[in-house]
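# What the coordinates show
What follows is the residue order along each chain.
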Amino acid sequence: MIPGLRWVPAAAGAGLCAGLGAAALHAGTQSLAALLLGPGAPGCAGESPWILRAAATPLALLAVLPAVGAALGGWIVRRCAPETEGAGTNDVVRAVHEA
């Protein structure tokens, strides 16, 4: 058996999950752009029609929204899964070496 071949299915699964997650993120951001900027919001190729409306968004809102999302995510993790607190890097390295 080829060394490391047992990791190929796990790597393929991780790649599939990452690809599906990226596709979902793209669809979500496009839907949010259509919701906030109107249904005619173009994709990456033609940003000029709505860029002025996006520029009118308060800078404070653009700075605060990611922080609010991170705080909400942290609260959900602490409330629903407190055992996940911490980096966990050492546990991952230990598990890979034991496998």
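Anyway, here's the lowdown on the structure attached to this text. This structure is a prediction, so every number in the text was calculated from the model and none was measured. (Residues numbered from 1 in each chain as written. Predicted model: local features only at pLDDT ≥ 70, side-chain atom pairs only at ≥ 80, totals over all residues. Heavy atoms only, no water.)

Broken down by element type, the protein chain carries four helices and zero strands. Put simply, the protein chain runs from its N terminus to its C terminus through helices and strands in the order α-α-α-α. Buried positions account for 5% of the 99 residues belonging to the protein chain. Counting every atom, the protein chain has about 8,100 Å² of accessible surface; 72% of that belongs to carbon and sulfur. (Helix = DSSP H or I, 4+ residues; strand = E, 2+ residues; numbered from the N terminus. Buried < 20%, exposed > 50% of the residue type's maximum accessible area, 1.4 Å probe, protein only. Areas by Shrake-Rupley, 256 points an atom, 1.4 Å probe, with all protein chains shown as cover.)

This next bit is on the pattern of salt bridges. Applying the stated criterion to the full structure yields one salt bridge. Between Arg94 and Asp91 there is a salt bridge, and its shortest N-O distance comes to 2.9 Å. Here the residue Arg94 and the residue Asp91 both occupy positions in helix α4 (residues 89–98), the gap between them amounting to three residues, near one helical turn. By relative accessible area, Arg94 is classed as partly exposed at 45%. (Salt bridge = Lys/Arg side-chain N within 4 Å of Asp/Glu carboxyl O.)

The grouping of Ile2, Leu5 and Val8 at the surface amounts to a nonpolar patch, some 270 Å² of accessible area in total. Mapping Ile2 onto the fold places it in the segment before α1 (8–37). (Patch = residues over 30% accessible without salt bridge, like charges linked within 9 Å, V, L, I, M, F, W, Y side chains within 5 Å.)

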